[in-house]
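Take a look at the letters that make up each chain.
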Amino acid sequence: MSTVRSDSHAQQYGRRRSNTAQSILRNLPGPPPPLLKLGDAKVLNSWVHDPKESSTAILNQTWLPGVVEGDMLQVSACNTADATTGYLFMVPKDEGCPKPALQISLPKNVADAFGIKNNGEVTVTKVDKQQYCADYIEFTFQDQYLGRNEMWRLAEHLVGRCVFVEQEISFINVIAAKIQSIYVKGRKVSAGYVTSTTKAIYRSLSAKVTIFIQVCRELWEFSGDGERYSDKIVHSFLPALFTKWREAGTNHTVTIVLISRVYYDVSELEYAAGPLRRDEDGRWYKDFYKVITDLEVIHDWKLTLAELKDSFWAFQRDILLTHHYHQASIESKAPEQARLVGELSYAHDGPILEALNLGLNPNETHYIDRSLTLTGAATILITPGTGYYKVSKQLLRLTTTRMLDQGFGLDLVSLAKRPLHQTPIFAFQGYGPRPDKDGRGGGRALDPLWGGDEDPDESRKLEKITFWWEPFWIGVSFWEKQMDLPLREDRFVARAKMHEIQMLGLLGHDVLSGIEVPYLPEIPDPYATPPRDSFAEDRAPTQAEADQADIDIFVLRKESRLPTSSRTSYGSSGSGTIMPASYRSSIMSERRGLASHRNSTASTRIAPIEESPRKIIMELPPEGHGEGPLPYVTGLSNASTSPSQSSIRSVRTNTSVATSPGSDQLSRNTSSSRLAKIASSWFYNPFQKSSSESQMTTVSVSSATSPTIPTPSVRVPIASNPTSTPYASLSRSPQPMAILHGASGRSALSRTYEGESTLPHRSSLGRYSPLNTPPRDESTFGKWRNTTLNSLNLPWSSSSPLSSYRTNPSRPQSAVSYAQSSLARRWQHVFPTPMYKHEVKWKSMVTPGCLPLTTDHFPSNSELESSYDVFSYDFVVDPSEMRSFFVKPPSVHGNADEVRRGWALAVMRGMVAVRLAQGFQFVLRPRKTDVEDHSVMRRTKSFMGEDDASPKPIGAAEVLKSTNVPVYLSMSNEIHRISYTGEAIQVRRYVRRMPQTQPFEYECLIWPKLGVGYTELKTNFVSHGLENFGWNRLDMLVAGYEHQFNESLRYWRTRFVVIPTVVPESNIGLPGLNDEEIRLMGIDKLADIFTKLRWQPPDERDALVAPVRFLPTTLGPAHSVMDETLMAQLDDIHAAGPLKKKMQSSREIADTPPSMVAKLMREEDGVPIKFHHWHKAKYPDSFTGFDFVSWLVREFRDVPSRVRGAEWGARLLEQGLFTHCRGRHGFMDGHYFYQLCGEYATVSTPRGGWIKQSRYMNGDEVGVSRPVGYYPSSTRPNGLSPRRNRKCLILSQTMVIDIDPAKKSDQAESVVLHHDIIQNPGTVFHFELQWIGSTARCIEESLRQWSRTIEKYGLKLVEAYVMEIGDIRERNAFQSCFPLRLAIPPPIVPGLEKRVPEGTQSTHYFEYALLKRFDFVLDVEATNLYPKDVDVSYSYRRTPFKHSQFVHRSGVAFVQVLGGSQGFLFLTNRLLGPGRMGSAMKSKEQRPEAAAEDIRKRLQEICSDEVALTKFYDEELAALGPDDPPPLSI
C-alpha cells in the first residue's frame, strides 16, 4: 500500500505549486492518471459541513487522481490506532467541485462519530467493497410503532448505501431508527456497505415489558453464597436491569407481577374454597397473582423496589392466612379464628405457562387500542428455580403455538447455580408419539409434544409416560452475582443443593458414610450389547485401569488426528457417550472401511487437529434405535480425574459434536457397568466453549476449575446449511453417579470419539429428522439432504423403540429434532453471532428484538405433500376496475400489458405488506446453495408440480423487484405463495394439518394494582391462528375490488376523544365569543381537516363532494335524538353522505315481498344489473353484492348499515329472489356476482349511469363499515325484524382519508375514519381510525397536527379505549377497574325529570353531578338510556355500552356509572403515557398515573364519607329549585 501526503508543500511536476484557482486552471490536461489500486491511500485535509448540505462526504476528485465513480473509499483520522476502522463512502459521479481548496468534507455527524476534526488530516484509502458488505445491521428505535411493513421498506431504502454505527437513519423524512451495530463475517465493525442480502435486526427501546417473579418455597432460602434469593431479586438483579435500561435510554411500559401456586391438603379444601384446581398428580391448588406495577413508564425505581420488598414480606401472610379469612367472612360469618392453610409450591410446580398465557392474551389483540409509540413485547421470568418445570402437555403445546404466532420469546432469569442437567426443560405426561394412520406423519407426528395424541378407544390400554422437552422459545440467563462478599473465581461453590445434608451437623453425624445418589430410571434399549462381566456392579476400578484411563485422556496420539468440519454452536447442549469397550471393539473393524472415504475427502479441505474431545462426523442421519455415534477408544475409557486436577476443555473451537436425536441410547447398559460409577466429567467440564472463529486449536489442560465455559442458548435456530450457521453444541451433562464406600470420587472425563467409528445403522426412523444430520462434504450434502427430506413419509419401523424420542435431561442431545428446529428457525436471523448459556442475555431484556422479516426454512416436497393442505385462489388484474386506497397507482406508461404488470406489482407489494403485518416472514434461499440433485427433488410430481423448486430471493430487499419471481411467505403453520400469471395474481396457501387446539380453561386469583385483595378470574387460553383469516377478502380489499373491513381481518384500530377544556388565554381572541362558541369553531376546523383529507379514486378527484359537517346541539346524546329539527338536518347529511341514505324513505325491507324488491331493483335508481365478466366467465344480467347492499342501505329506512344490508341479502337469497352466478356460496357484500331467479328475472336494459355508479357514487362511496352495535335493539336475536314504529338513526359517518397529503411516503397511506355527526360542546366528540398496513408514523404526525390545530380552541385530543372500561379485564387479566362504592346511595326524588334542566339525564342525575364536580365529562351514554322507540347506530361501536362512561378533562382517567350504592368503576387511562397523544406532560417526572391516582383518592374520599355525600345531595336538590306547584283545582 502506498500512502501519499497531499499538501501544498509537496513537489508536483518538479516545482512548488500554489493552490490558487488560477494555477490549477493554468495546467493543461495531461494523460489520465492511472486508476487507484486497492489499498492505495492518500492523506487529505478534511473539512466538516452541515448534514443538511450533504448527508455523505464531499470529495474534490482532482485531489485524488485515479479515483472513479463507484469506488469505495475509507476515511479515517490520521491518529487512529486501528487502520481498518473508518467512515466508508461510495465515490459519486464527478460533477466538479465549486470550492477548489476543498479536498474532502465530511458531515458533522460522521466527523463526531469517527473523531475527525475540521481542518484536520485524514487518510483516504481505496478498499474492496466485498470486504465490507454487512451481513447483519442492528437498528434501535424509540417512541414509535414500527410495523413490519415499515421495517421491510426501511431496509430496502438502505440498499447500496454505506452506513456507520450510531448513524441516525431517516425514512420518509423522519428519523426512524439508529444503527446500533454492524456485523461483517461475524465481526462487529464500525462501518459497512448494505447489500440486498444484508439482514436487518430491529430492537425496540419502547416496548411492553412484563416481568413475572415466581414466588415459591425456594424464594426465602439462602443461595450458596449466603444471600437469600428474594434479596438477590430486589438488591441485585432488578437494580442491574433498571440500570441497563437507564444507560440505554429506554422508555419501556412495564408490568411486574408476582406469581405463585399454593397446594392444599384434602382436609383444608372446605376452608380454602375458591377457584380450586387439580393437577395431573391429583393435588389441589390455587394460583395467585399480585400486580406490583401496571403498564407504567417508570424512571425512578426506588419506590417500586421498596413496594416489591414489602410484598415479599407480606406475600405468604396474604395468601395463606388473610385471603382465606376474608373469603370465609364474605361468604358467611367470619370464622372464630383465622387458619393457616396451604403451602407454597416448589419452583418446578409453579404456574409459569399459565402466567405466560395471561400475558399473551392482551398481545393477541395488540391491533386494538394500538399504541403508536410502542413496538414489541418482552417477557422476563425471574425464578429461584433452575429452569425445570412440570407442565401440562396441552398447555405447553398451546403456549408454544401462541409464542410462535405472536413472535415473542421468554427470558428466563434463574437465581440458582447452573444445574447439572439440560435447562430450561419441561416435563409432561403423555402417550408415546406415533405416525398418522396413513403413515405420513412427518417430523411433527413423532415429536413428543406435537404427536402422541391419545385415541379415546386406545387410551385405556396405554399408560402415560413422562417426556422431557426443551423449549426453543426460552432464553435462559443465570444470575450468580454476589453482592456482599464476592467469592474468588477458583473457590469451590456447590452446584447442587441437598437440603437434608445441609441441615446435618458435621460433628454429630458421619455424613460421608453412605450417600448414594439414585440413578435416573433406565429406558431399556433392545439393541444394546450386554456388558462385560469385568464391569461388575460392586467392583472398584483397579490402579492399572485408572492409570490407563488417565493415559487415554492426557496423552495425545498421532493416530487421533481427525478430519473436522467447521460448525458453530447451536442451542441445545449435547453430551458425549460412554460405551463398554466390548461393544466398541466388536464393531470397529466392520465400520472403519465404511467411514474411510469420508475422511479422504474431508481431510484435503480441513486441517487435521489433535484434540480431545474428538469430533464426530457422520454420513447419514441417525437410525431408529441408536441415539448416537459409536465411540472408538483404544484401551479402557474410564479415564479419571480428581476434583483438584480440574477439567480439560477445548479452547475456543468452533466445531461441535453432531450427535443424533438421542445421543446415549447405545450406552444405556452403562448402569450396570463400571463406567457408570466413574461417570463422565460433567462435574468439572460442564460446558464446551465454542465460537465463530474458523480455526481449531489443540486441547490445553486448564489449571482452574471454571464452571463458566459457555453453552449456546437454545434460541439460536438451526440453519439448513450447517457448515456456515449456528447448529449444534457440545456440552457435558450429568450422568447418574453413585458415591459409595471405597470410591474415591474420581470420575471419568466425558469423551467424544473419532469419526471413523460413527456410521449408524440403516433403518428408517432417523429419517424423520432430516436436519439432525451433522456437517459433511459439500459435494455430497445436497444429495443426502434431498433423499433424507424426501423420506419423511417412510413407514414407521415397528421395531424402533419409543425411547429414541424421549429426551433424558441429564444426557442432552447435541442436535435438536427437526420438528423443533424448523419452528425455532423463525428466529434464526435475529442472532448475528451465537449465544451462550452462561451469558446473561442483557440485549434481549434491555432492547427486545422484533421478529425477523426473513427465514430460510422451507419444507421439502414430500413434507408439503404429507403434512400440508393446499388452497388457492386468484383474481384478475384489471386497472380500470381497481379503486384501491391501499395501493399507490403505479406511474407506468406503455401498452396495456405493461400497465397491468405495473399494477400487479403494486398490488402484490400491498398483499405482502399485510401478510408481514400478521407475522409472516419472507422465505429466503439458504446462504450457500448446495448442488442439488433435482431428479431426486422432483421424484414426486403431485399437486405442487414444480413450484417449490422455483427461485427464492437471497434477501428481503430482493423481494418483488419484478412480477416474474413468485414470493413465498411463511408462518409457523402456514406458507403463502403469491405469483403473477400474466393476467391474474394467484395465491396458493399451504396449511399444515394440525390437531385441533382446544381452548384451555383457567381460573385463578388476581390482586390488581388498584385492588384491595385477591379477586377471582375465569378465562380461556385460545390460539387465534390464521386458519379462519379472510385472506381472499383481504386481497380483494388491497386490490380495490372490495371496500369493507371485516372483523376477521384483524385491522388496527384506535379511538380518540376530543375533550372540552379551558380555552387558552393566548387564543386568537375573537371578540364577543364565549368559550362554548370558540369550541364550536374548533370542531368546525376539525371538520375542514377531514374534508381536505378525504380520499377519492383518481378518476373522480374533480367531482364535487359535500363537505364534512357536524351538527351542534346543547342536548345530551339520549335527548338529542328526540329533537325533530336536529333529526331533519341529520337526514340531509345522510342523503349527501357516503351511504346516500334516504332517511325520509318510508320503505321497510321487512314489509317488502321479494317480487316488490325485484321490481324496485329494476327502477331507474335501483341496482345496476348489467353484463359482467370475470376471467373467461361471462355473467349477463348480473349485479354485485356490493351494489345490492349499497342500494338496500340507501332505500330502506330499517337497513341502517352495510352489515344489516348483508344480513338481509342473505335472507333474500334464501327466499329465492336471486342466486350466486356459480352457485358456490351464499350472499356476500363485495365483488361477487348474483342473478335474479326464475319469475323475478328480466332482461336488463342498459342505463347510462350504471357503470359510473357501480362503486363510489359521486366519489363518496367508501363502504368501509364495521360490524355495528344497534342500540338498544342489538340484543335481539339476528336483529333482522325491528318493530314497526322504531326509528333507526345512524349517528356517525365513515370515509377514507389520506394521512399523507404531502406524499412523503413511498406507499399509499390511507385510513378509514369513523366520526360522530352530532356534537355537544359540553361533552366529548369521538372518532375512530382503522387501518391495515399504513405507516404508523404518518398517522401519528397527522394526529399531532390535528391536536395542535384544535388546542387553541380549548379542545384536547386524547386516545381512549375502544371498548367500555368495565370489560377491560376480558382482554388484560392484570388490568382492572377500581370499584368506588357510595356510602349512601343517591336519593330517589319523585318527578325529578321535570325539575332537571332540559336535555339533562335524570336516571343517574346525582352520580352525573358528582362526576361533573370532579371535572369529568360524558364520554358514551349507556344504551338503555336512549328512548325505547329509537334504534341508535354508531359505525365504530361493536357492542352496546352497558353503563354510561365519563372521561376526565385531563384525559388521565375514565369512570363508569353503575348506579345506586354500587357507585362507580374507575380506570386509569394507560393509553396516555409520556409522549403519547394528548399527554401535555412533557417531562418524565410528571406521570399521568400520578395525576389519575390523585383524582381517584379524592373521589374515593367523598364516596366513602357519608356526611360529605349527604351534604352534596342536599346541595344538588337545593340547586334544582322547588317542585312545580300542583295544578289549580276548581
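It should be emphasised that the depicted structure is a prediction, and the values quoted were computed from it without experimental measurement.

Would you take a moment to explain the pairing of strand β33 (residues 967-970) for this structure?
Consecutive side chains along a regular strand alternate between the two faces of the sheet. Residues Val967 and Leu969 of β33 are buried on one face, and the alternating residues Tyr968 and Ser970, pointing to the opposite face, are buried as well. Sheet topology places strand β32 (residues 921-923) next to β33; two bridges connect them, and they run antiparallel. The residue of β33 that forms the bridge with glutamine 921 is serine 970. Taking the residues that link successive antiparallel strands as the turn, the β33-strand β34 (residues 974-980) hairpin has three residues.

Explanation requested: the packing of helix α6 (residues 352-364) against helix α7 (residues 393-406) in the structure shown.
Pairs of packed helices are described in terms of their axes, by the angle between the two and the distance that separates them. With their axes 10 Å apart at the nearest point, α6 and α7 run at an angle of 35 degrees to one another. Here α6 and α7 pass one another in a crossing that is left-handed. Two secondary-structure elements touch here, α6 through Leu353, Glu354, Leu356, Asn357, Leu360, Asn361, Asn363 and Glu364 and α7 through Leu395, Leu396, Thr399, Arg402, Met403 and Gln406. Of the residues belonging to the contact of α6 with α7, the class tally is six nonpolar, five polar and three charged.

Got a minute to help me understand the sheet that holds strand β30 (residues 854-855) in this structure?
Remark on secondary structure: sheet strands pair via backbone hydrogen bonds, oriented parallel or antiparallel. Strand order in the open sheet formed by six strands is β30-β32-β33-β34-β35-β31, and the pairing between neighbours is mixed. Both edges of this open sheet fall to β30 and β31 (868-876), since each of them pairs with a single strand only. Bridging between β30 and β32 involves two bridges; their strand directions are parallel. Paired with threonine 855 across the bridge in β32 is valine 923. Running at roughly 170 degrees to β34, helix α17 (residues 896-917) makes contact with β31, β32, β33, β34 and β35 (984-992) of the sheet.

Is there a simple way to think about the pattern of salt bridges in this case?
Close approach of charged atoms allows side chains with opposite charge to pair. Per the stated rule, a full pass over the model turns up 44 salt bridges. For aspartate 869, the salt bridge identified is with arginine 993, shortest N-O distance 2.7 Å. In this pair, aspartate 869 sits in strand β31 while arginine 993 sits in the loop between β35 and β36 (1000-1007), placing the two residues 124 residues apart along the sequence. Note on aspartate 869: relative accessible area 31%, which makes it partly exposed. Here arginine 1498 makes a salt bridge to aspartate 1494, at a shortest N to O gap of 3.6 Å. Here arginine 1498 pairs with aspartate 1494, and both are found in helix α31 (residues 1488-1503), just four residues apart, close to one helical turn. The exposure class of arginine 1498 is partly exposed, given its relative accessible area of 40%.

Rules and cut-offs
- Residues numbered from 1 in each chain as written.
- Predicted model: local features only at pLDDT ≥ 70, side-chain atom pairs only at ≥ 80, totals over all residues.
- Heavy atoms only, no water.
- Buried < 20%, exposed > 50% of the residue type's maximum accessible area, 1.4 Å probe, protein only.
- Helix = DSSP H or I, 4+ residues; strand = E, 2+ residues; numbered from the N terminus.
- Pairing = 2+ DSSP bridges.
- Axes fitted to C-alpha atoms, helices over the stretch in contact; angles between N-to-C directions.
- Left-handed = near helix turned anticlockwise from the far one by under 90°.
- Contact = heavy atoms within 4.5 Å.
- Nonpolar A, V, L, I, M, F, W, Y, C, P; charged D, E, K, R; others polar.
- Salt bridge = Lys/Arg side-chain N within 4 Å of Asp/Glu carboxyl O.

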